[in-house]
Number of protein chains: 2
Amino acid sequence: MKKMSIAIDMDGVLADVEAQFLKWYERDFGVKMKKEDLVGKTEHTAFPEEGMIHRFAHTEGFFLDVPVMEDAVEAVKSLSEKFDIYIVSAAMEFPQSLSEKLKWLNINFPFISWRQIVFCGDKRIINTDYMIDDHIKNLDFFKGKTILFHAFHNVSYNHHDRVNNWKEVLEFLDKAF
Amino acid sequence: MKKMSIAIDMDGVLADVEAQFLKWYERDFGVKMKKEDLVGKTEHTAFPEEGMIHRFAHTEGFFLDVPVMEDAVEAVKSLSEKFDIYIVSAAMEFPQSLSEKLKWLNINFPFISWRQIVFCGDKRIINTDYMIDDHIKNLDFFKGKTILFHAFHNVSYNHHDRVNNWKEVLEFLDKAF
């Protein structure tokens, strides 16, 4: 039987970009903020200086040493036994990120082959059975089953199944099969 | 009504890589070959030195100045009025090509936005109504309607609708709608 397939997002799902935003913000502004300070804000208004996240994401080096999301490596490895895994990142908006993201995946997820990686602009072209993503804009147009991964900017949305971490992803998919 | 969508391949469809292979072969080996000399060969055996195409495709600079396929710009511009266009390239096998391909698209197809670009490994994740591609391996697993774009390595296959050039793509899609 053909395996079910999952499209897994990078930023905010495999890669803990929140932690990286906070680190870069402290480095550049000398202000230490915590993840809780961001909850409920948008990506645009996360920091007092508007558009800071967008600026960081457009800066060379940002994606290269983003911390890996807790438990993500073990979870994706475990899911790879049951599912066809694709890593799908809407990276095309940030051209400088393409090579950084590829290097990051090769370093942190060496068991993921180039055949399983997709960098796109708009995710509505993606055809898998499941999609795990922290962005409503990606999940809302997806034809398969959706899993919303917790992020500060998505706490007010309740129209997708929500998981708070990778342990909950595994529990959710265990129950589904 | 939602527009129909088309996934358009880059190498061998938008980008005349055959011409580039022949140019690089002459530059490196001093032997001038013609497109007709390649017809019926595979990508592996196209040149007397086996695997030459793969070697060229892995070399920095190869994709940056590939000639545009004849009539491709006008045809894609015209199709953009009727269809949602996505440029889908299996570029992930050639990591050095990602930034070159993006630059090439920006220079030669400036009306294509980053939202319409997809770089992937395996195209079976792609969900559009049509796919235009020169590779059987991409079309055979595609769920929508397939259009095989002529290339030296695909002349013996007849199980997809075939077009020989971009004028024929427009004729084909005109008839279909």
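Not measured: the values here are computed from a predicted model. (Residues numbered from 1 in each chain as written. Chains lettered and ligands numbered in written order. Predicted model: local features only at pLDDT ≥ 70, side-chain atom pairs only at ≥ 80, totals over all residues.)

Undergrad: Describe the overall build of chain A, and please don't skip the residues or the numbers.
TA: Helices and strands together make up the secondary structure of chain A, namely 7 helices and 6 strands. Secondary structure elements of chain A occur, N-terminal to C-terminal, as β-α-α-α-α-β-α-β-β-α-β-β-α. In terms of overall size, chain A behaves like a compact globule, its C-alpha atoms giving a radius of gyration of 16 Å where 177 residues would be expected to give roughly 16 Å. Dimensions of chain A, computed from C-alpha atoms along their principal axes, come out at roughly 55 × 35 × 30 Å. Looking at chain A as a whole, 38% of its 177 residues are labelled buried. (Helix = DSSP H or I, 4+ residues; strand = E, 2+ residues; numbered from the N terminus. Rg over C-alpha atoms; globule rule 2.2 N^0.38 Å. Buried ≥ 20, exposed ≤ 12 C-beta atoms within 10 Å, placed from the backbone.)

Undergrad: Describe the domain arrangement of chain A, and please don't skip the residues or the numbers.
TA: Residues and elements named next belong to chain A. Taken domain by domain, chain A comprises domain 1 (5-16 + 66-176) and domain 2 (17-57). Inter-centroid distance (C-alpha atoms) of domain 1 to domain 2 is 21 Å. Residue-level contacts link 12 residues of domain 1 with 13 residues of domain 2. Residues that form the side of domain 1 that touches domain 2 fall into these classes: 7 nonpolar, 3 polar and 2 charged. (Domains from an automatic or database assignment. Contact = placed C-beta atoms within 7 Å. Nonpolar A, V, L, I, M, F, W, Y, C, P; charged D, E, K, R; others polar.)

Undergrad: Which residues make up the interface of chain A and chain B, and what values go with them?
TA: It is common to report an interface's size as the accessible area lost on association of the parts. Each partner contributes residues to the interface: chain A has 20 residues there, and chain B has 20 residues. Of all elements in the fold, only α5 (97-108) and β3 (117-120) of chain A reach the threshold of two or more residues within the side of chain A that touches chain B. Counting residues per element, the side of chain A that touches chain B draws most heavily on β3 of chain A, which supplies 4 residues. Of the residues assigned to the side of chain A that touches chain B, the class counts are 12 nonpolar, 5 polar and 3 charged. Relative to strand β3 (residues 117-120) of chain B, β3 of chain A is paired through 3 bridges, and the arrangement is antiparallel. Residue pairing in the sheet places Phe-119 of chain A in a bridge with Phe-119 of chain B of β3 of chain B. (Pairing = 2+ DSSP bridges.)

Undergrad: Report on the relation of the copies chain A and chain B, specifying residues and quantitative values.
TA: There are two copies of the chain, and a rotation about an axis plus a shift along that axis relates them. Rotating chain A by 180° about the axis while translating it 0.0 Å along that axis superimposes it on chain B, leaving an RMSD of 0.0 Å. Seen this way, the second copy is the image of the first under a two-fold rotation axis. (Least-squares fit on C-alpha atoms with pLDDT ≥ 70 in both.)

Undergrad: Which residues make up the nonpolar core, and what values do they have?
TA: Counting residues in each nonpolar core, the largest one holds 101 residues, and the members touching the most others are Ile-8, Ile-87 and Val-118 of chain A together with Ile-8, Ile-87 and Val-118 of chain B. Once residues within four sequence positions are removed from consideration, Val-118 of chain A is found in contact with Tyr-86, Ile-87 and Val-88 of chain A together with Val-118, Cys-120 and Ile-125 of chain B. (Core = buried A, V, L, I, M, F, W, Y, C linked by C-beta atoms within 7 Å.)

Undergrad: Summarise the packing of helix α4 (residues 72-82) of chain B against helix α7 (residues 166-176) of chain B; cite the residues concerned and give the values.
TA: Residue and element names in this part refer to chain B. Between α4 and α7, the shortest axis-to-axis distance is 9 Å and the interhelical angle comes to 20°. Our classification of the angle between α4 and α7 gives roughly parallel. When you trace α4 past α7, the crossing you get is left-handed. In this structure, α4 uses Ala-72, Ala-75, Ser-78 and Leu-79 to contact α7, whose residues at the interface are Trp-166, Val-169, Leu-170 and Leu-173. Of the residues assigned to the contact of α4 with α7, the class counts are 7 nonpolar, 1 polar and no charged. (Axes fitted to C-alpha atoms, helices over the stretch in contact; angles between N-to-C directions. Parallel < 35°, antiparallel > 145°, perpendicular 65-115°, else oblique. Left-handed = near helix turned anticlockwise from the far one by under 90°.)

Undergrad: Tell me about the environment of Gly-40 of chain B, residues and numbers included.
TA: Residue and element names in this part refer to chain B. Residue position: Gly-40 is located in the loop between α2 (35-38) and α3 (52-57). In the structure, Gly-40 is positioned 74 residues away from Trp-114 in sequence and 35 Å away in space, judged by C-alpha atoms. Residue contacts for Gly-40: discarding those within four places in its chain leaves Phe-152, Val-155 and Ser-156.

Undergrad: Tell me about the pairing of strand β5 (residues 145-149) of chain A, and please be specific about residues and values.
TA: All names here are of chain A. Alignment of strand β4 (residues 130-133) against β5, held across 4 bridges, turns out to be parallel. Of the residues in β5, the one forming a bridge with Ile-132 is Ile-147. Of the strand pairs in this sheet, β5 and strand β6 (residues 161-163) are connected by 3 bridges, and their pairing is parallel. Within β6, the position partnered with Phe-149 by the bridge is Val-163.

Undergrad: How would you summarise the pairing of strand β1 (residues 5-8) of chain B if you had to cite specific residues and measurements?
TA: All names here are of chain B. Looking at chain direction, β1 and strand β2 (residues 84-89) are connected through 4 bridges and run parallel. Each bridged residue has a counterpart across the sheet, and for Ile-6 the counterpart in β2 is Ile-85. Two strands pair when backbone bridges link them, and β1 and strand β4 (residues 130-133) are joined in this way by 3 bridges, in the parallel orientation. Within the sheet, the bridge partner assigned to Ile-6 lies in β4 and is Tyr-130.

Undergrad: Got a sec to walk through unusual backbone geometry? Specific residues and values, please.
TA: Positive phi is not limited to glycine here, since Asp-71 of chain A has a value of about 70°. By the element assignment, Asp-71 of chain A lies in the loop between α3 (52-57) and α4 (72-82).

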